[in-house]
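The residues making up each chain are set out below.
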Amino acid sequence: MTTEEQKSATQSGVAPELLILMRHAKSDWGDNSLSDHDRPLNQRGLRDAPVMSCWIASENYVPDRVLSSSATRTKQTIRDMLPAWNTQPDVSFSDSLYLSSPETILNTICSDSHGRSRVMVLAHNPGISQLTSMLASKPIDMPTAAIAVFRVNLARWSELSSESDIELVCFMSPKSL
């Protein structure tokens, strides 16, 4: 990207800035009648989601777009995070992010970020850990409710790939707070 393209993208407010990858909060395995997709958060998950949301707000990492799996536990995670943020992101739920591969997550970011500068993806293991590790160029385990924040140097999200100019700036988990 030329300097002029970077300047134009920055002035229009749509240049990618941050990519926030998060694994859903801890889910409940207590009801065997529920499908995996329909499992809710357990008590720890209900506690951890707001804690991580407050951390995001305190670090000024609040996203303006959230791409989330359609699973119950991811929906509950984002629901419990939103009250801590002074601005409300556009939230999109997608079946394709349920138990998705790193490639599917990347493709979803490329196609569904809609010109937003701070995009958060809320998904599941193993895909979210694999993508985090791929982008960080080192192994990173994503326990439940963990967050990895990347600084992105691209003109637009559609250019994002595993070889992109992207830097891990922060990793946080509930146990570390």
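Residues numbered from 1 in each chain as written. Predicted model: local features only at pLDDT ≥ 70, side-chain atom pairs only at ≥ 80, totals over all residues. Heavy atoms only, no water.

**Things to note about the side chain of S69**
Part 1 of the reasoning: Structurally, S69 is set in strand β2 (residues 65-69).
Part 2 of the reasoning: Judged by relative accessible area, which is 0%, S69 ranks as buried.
Part 3 of the reasoning: At 3.1 Å, the side chain of S69 and the backbone nitrogen of A71 are in polar contact.
Part 4 of the reasoning: Filtering out sequence-adjacent residues up to four positions away, S69 remains in contact with T74, K75, F93, S94, L97, Y98, L122 and H124. (Helix = DSSP H or I, 4+ residues; strand = E, 2+ residues; numbered from the N terminus. Buried < 20%, exposed > 50% of the residue type's maximum accessible area, 1.4 Å probe, protein only. Polar contact = N/O pair within 3.5 Å; in protein donor to acceptor, adjacent residues only side chain to side chain. Contact = heavy atoms within 4.5 Å.)

**Some points on the nonpolar core**
Part 1 of the reasoning: The biggest cluster of nonpolar side chains holds 24 residues, and the ones touching the most others in it are L19, L21, I105, I109, V121, F150 and L160.
Part 2 of the reasoning: If you list the elements that add at least two residues to this core, you get β1 (18-23), α4 (102-112), β4 (118-123), α5 (127-136) and β5 (147-152).
Part 3 of the reasoning: Examining the composition of this core, we find that four residues originate from one element, α5, more than from any other.
Part 4 of the reasoning: Among the nonpolar cores identified, the runner-up in size contains 23 residues, and A49, I78, M81 and L82 belong to it. (Core = buried A, V, L, I, M, F, W, Y, C linked by side-chain atoms within 4.5 Å.)

**Describing unusual backbone geometry**
Part 1 of the reasoning: For the peptide bond that leads from N125 to P126, omega is 5°, which places it in the cis range.
Part 2 of the reasoning: In this structure, P126 sits in the loop between β4 and α5.
Part 3 of the reasoning: One non-glycine residue, N60, lies in the positive phi region at around 60°.
Part 4 of the reasoning: Mapped onto the fold, N60 is located in the loop between α2 (43-58) and β2.
Part 5 of the reasoning: For N60, a relative accessible area of 52% puts it in the exposed group.
Part 6 of the reasoning: Despite not being glycine, H114 has its phi angle at roughly 50°, a positive value.
Part 7 of the reasoning: With respect to the helices and strands, H114 occurs in the loop between α4 and β4.

Shape is all these values report; function is a separate question.
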